[in-house]
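Chain by chain, the residues:
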Amino acid sequence: MSIIIANWKMNIGIADSIRLSSALASYAKDHFIDSTVVLCPSFTSIVAVSNELIGSSIKLGAQDCSAYEKGAYTGDVSAAMLGEAGCSYVIIGHSERRSWHEEDLELIRHKLIAVIKAGLIPVLCVGETAEQRSSGVYFDVVLSQLTSLEVIGDIDEIIIAYEPVWAIGTGKNPTEGEIKEMHDFIRSSLRSFKDVGSILFEKDPKIVYGGSVNSSNCKDILKIDAVDGLLVGGASLVYEEFCKILS
Ligand code: PGA
C-alpha cells in the first residue's frame, strides 16, 4: 500500500487546518483510498487536527521535532509530546530546515533517534540542489544525507522521502527515469547499511517522492515501481486537488 503525506508547512492556521482535515476525514469515510494518508499541520494545529481525525483512517504527523527528550530547550517540541498529541509520523531533515535552520547530519541523526525512541515513524527527507545535480554529485549528496541513519541500530519503521531541492515548490519534476534511478540507489544504499550491520530495519523502508507533486503528475509518479508514495506540499493545501491525488 502506498503512503501519501501532506506537508502543510507554515501555510495555514488552526481554523483552516480544522476545515481541511475535517473535509478530508469525510472524504476518506465516503471513498476508498488505496493509500495510507498522513496530514502534517503546524505545531499549533496538531491537537485540533487530531480531534478532527478521531475515528478516521487518516493519520497525523508533524513537520519537525526536537533532538532532545525533555528539559530546558525553550521553544522546542519533543517527539514524545507529538506522540501524546496524536502524531504517528514526524518529518525530519526537510531541505527547508537543512537550509533555513542549518540542520546538519549529526542534528538530524539525533532527531531521528528521538523520534524512534518515542515510538513514532520518521520521514527522513533527502535530495540534491540544482547545482549538485548539474555538477553530477547527486548520488554522493544523497548517500551522505542517508548516513544520518548509520549506527542508529534497530529501526522498526522508516520512510525516506526523495525530494530534489530544485523540484520543491518550483513546478519542475525530475523525469520518471531520474526518480526511479534515485529511488533504486536509496534502496540499495540502505541495503548495504544493513549488510554491514550498522542498521537493522524491521520493516522494509518505504521510499516516497516529493517535489511539485500535483493531480496531473501524481499517477505517473506512483506508477514507477520504485516509488512507494508521495510527499505533497502546495497541492495538499487545496481540498479538491488533494482529493484528486488520493483518488
Ligand atoms: P511542494 O513541496 O509539493 O510544494 O513542491 C513538497 C515538500 O517540500 O515537501
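Look above for the structure.
Residues numbered from 1 in each chain as written. Predicted model: local features only at pLDDT ≥ 70, side-chain atom pairs only at ≥ 80, totals over all residues. Heavy atoms only, no water.

## Some thoughts on the overall build of the protein chain
Operational definition: Only DSSP runs of H or I covering at least 4 residues are called helices, and only runs of E covering at least 2 are called strands; the numbering of each starts at the N terminus. As defined in this context, the radius of gyration uses C-alpha atoms, and a globule is described by 2.2 Å times the residue total to the power 0.38. Exposure categories follow from relative accessible area, calculated using a 1.4 Å probe and restricted to protein chains: below 20% of the type maximum is buried, above 50% is exposed, and the middle band is partly exposed. Here the accessible surface of atoms and residues is derived via Shrake-Rupley with a 1.4 Å probe, and residues count as covered only by protein chains that are part of the display. When charges are counted, Lys and Arg are positive and Asp and Glu negative, with His and the chain ends excluded. Lysine's charge is taken at NZ, arginine's at CZ, aspartate's at CG and glutamate's at CD.
Looking only at helices and strands, the protein chain features 10 helices and 10 strands. Here the C-alpha atoms of the protein chain give a radius of gyration of 17 Å, agreeing with the 18 Å that 2.2 N^0.38 yields for 247 residues. Along the first, second and third principal axes, the C-alpha set of the protein chain runs to 45 × 45 × 35 Å. Within the protein chain, the proportion of its 247 residues that are buried is 51%. Surface summary for the protein chain: the accessible area is close to 11400 Å², and the carbon and sulfur share equals 53%. One way to put it: in the protein chain the 21 positive side-chain charges average out to a point 3 Å from where the 33 negative ones average out.

## Here's the deal with the packing of helix H1 (residues 14-30) against helix H10 (residues 239-246)
Packed helices, taken two at a time, are described by the angle their axes make and the gap between the axes. Inclusion rule: Between N-to-C directions, angles span 0 to 180 degrees; the directions come from axes that are lines fitted to C-alpha atoms, helices contributing only their stretch in contact. The crossing is said to be left-handed when, going from far helix to near helix, the turn is anticlockwise and less than a right angle, and right-handed when the turn is clockwise. Contacts were defined at the residue level, with two residues in contact if any of their heavy atoms lie within 4.5 Å. Three categories are distinguished: nonpolar for Ala, Val, Leu, Ile, Met, Phe, Trp, Tyr, Cys and Pro, charged for Asp, Glu, Lys and Arg, and polar for the others, with Gly belonging to the last.
As a packed pair, H1 and H10 sit with axes 11 Å apart at the nearest point and diverge in direction by 35°. Here H1 runs over H10; the crossing is right-handed. Counting all contacts with H1, which are made through Leu20, Ala23, Leu24 and Tyr27, the residues of H10 involved are Tyr239, Phe242, Cys243 and Leu246. Grouping the amino acids of the contact of H1 with H10 by side-chain chemistry returns eight nonpolar, no polar and no charged.

## With respect to the packing of helix H7 (residues 138-146) against helix H8 (residues 176-195)
Here is the rule: Angles below 35 degrees are treated as roughly parallel, those above 145 as roughly antiparallel, those between 65 and 115 as roughly perpendicular, and all remaining angles as oblique.
At a minimum axis separation of 11 Å, H7 and H8 run at an interaxial angle of 40°. By the angle between their directions, the pair H7 and H8 is classed as oblique. The handedness of the crossing between H7 and H8 is right-handed. Here Tyr138, Phe139, Val142, Leu143 and Leu146 of H7 lie close against H8, whose contacting residues are Glu181, Met182, Phe185, Ile186, Ser189, Leu190 and Phe193. Of the residues belonging to the contact of H7 with H8, the class tally is 10 nonpolar, one polar and one charged.

## What about unusual backbone geometry?
Phi is positive for Lys9, which is not a glycine, with a value near 50°. Within the secondary structure, Lys9 is located in the loop between strand S1 (2-7) and H1. Backbone geometry places Ser212, a non-glycine residue, at a positive phi of 55°. Examined against the element boundaries, Ser212 turns out to sit in the loop between strand S9 (206-210) and helix H9 (218-223).

## Structural notes on the layout of surface pockets
Selection rule: As defined here, a cavity is a set of points on a 1 Å grid over the protein atoms alone where a 1.4 Å probe fits but cannot get out. A pocket is an open set with protein on both sides within 12 Å along at least five of seven lines, and residues line them when an atom is within 4 Å of a point. Grid points are joined across faces, edges and corners, and a volume is the space filled by probe spheres set on the points.
Roughly 450 Å³ of internal volume is contained in the largest pocket. Taken together, 15 residues line the largest pocket, and the ones lying closest to its centre are Lys9, Met10, Gln63, Arg97 and His101. By residue number, the principal contributor to the lining of the largest pocket is helix H4 (residues 95-100), which donates three residues. Approximately 220 Å³ is the volume found for the second largest pocket. For the lining of the second largest pocket, the per-class residue count stands at six nonpolar, 12 polar and two charged.

## Describing the site of the ligand
Note the threshold: Proximity criterion: a residue is near a molecule or strand once any of its heavy atoms comes within 4 Å of it. We define a polar contact as two N or O atoms separated by no more than 3.5 Å, with the added condition that, inside protein, one atom must be a possible hydrogen donor and the other a possible acceptor, whereas residues neighbouring each other in sequence contribute only through side-chain atom pairs. A pocket or cavity is taken to hold a molecule when more than half of that molecule's atoms are within 2 Å of the pocket's grid points.
Near the ligand there are 13 residues, and of these Lys9, His94, Glu163, Gly169 and Ser212 occur at the shortest range. His94 places a side-chain nitrogen or oxygen 2.7 Å from an oxygen atom of the ligand. Interatomic distance of 2.8 Å between a backbone N/O atom of Ser212 and an oxygen atom of the ligand. Isolated, the ligand exposes 280 Å² of accessible area, and the fraction of that covered by the protein chains is 95%. A molecule is said to occupy a pocket when more than half its atoms come within 2 Å of that pocket's grid points, and by this definition the ligand occupies the second largest pocket. Each residue belonging to the shell around the ligand can be placed in one class, and the counts come to four nonpolar, seven polar and two charged.

## Concerning the packing of aromatic side chains
Heads up, the condition is: Aromatic rings from Phe, Tyr and Trp, taking only the six-membered ring of Trp, are treated as a pair when their centres fall within 6.5 Å; an angle between ring planes under 30 degrees marks them as stacked, one over 60 as edge-to-face, and anything in between as tilted.
Evaluation of the coordinates by the stated rule reveals four aromatic pairs. An angle of 40° between the planes, with centres 4.6 Å apart, marks the rings of Phe139 and Phe185 as tilted. Of this pair, Phe139 sits in helix H7 while Phe185 sits in helix H8, placing them 46 residues apart in sequence. Note on Phe139: relative accessible area 25%, which makes it partly exposed.

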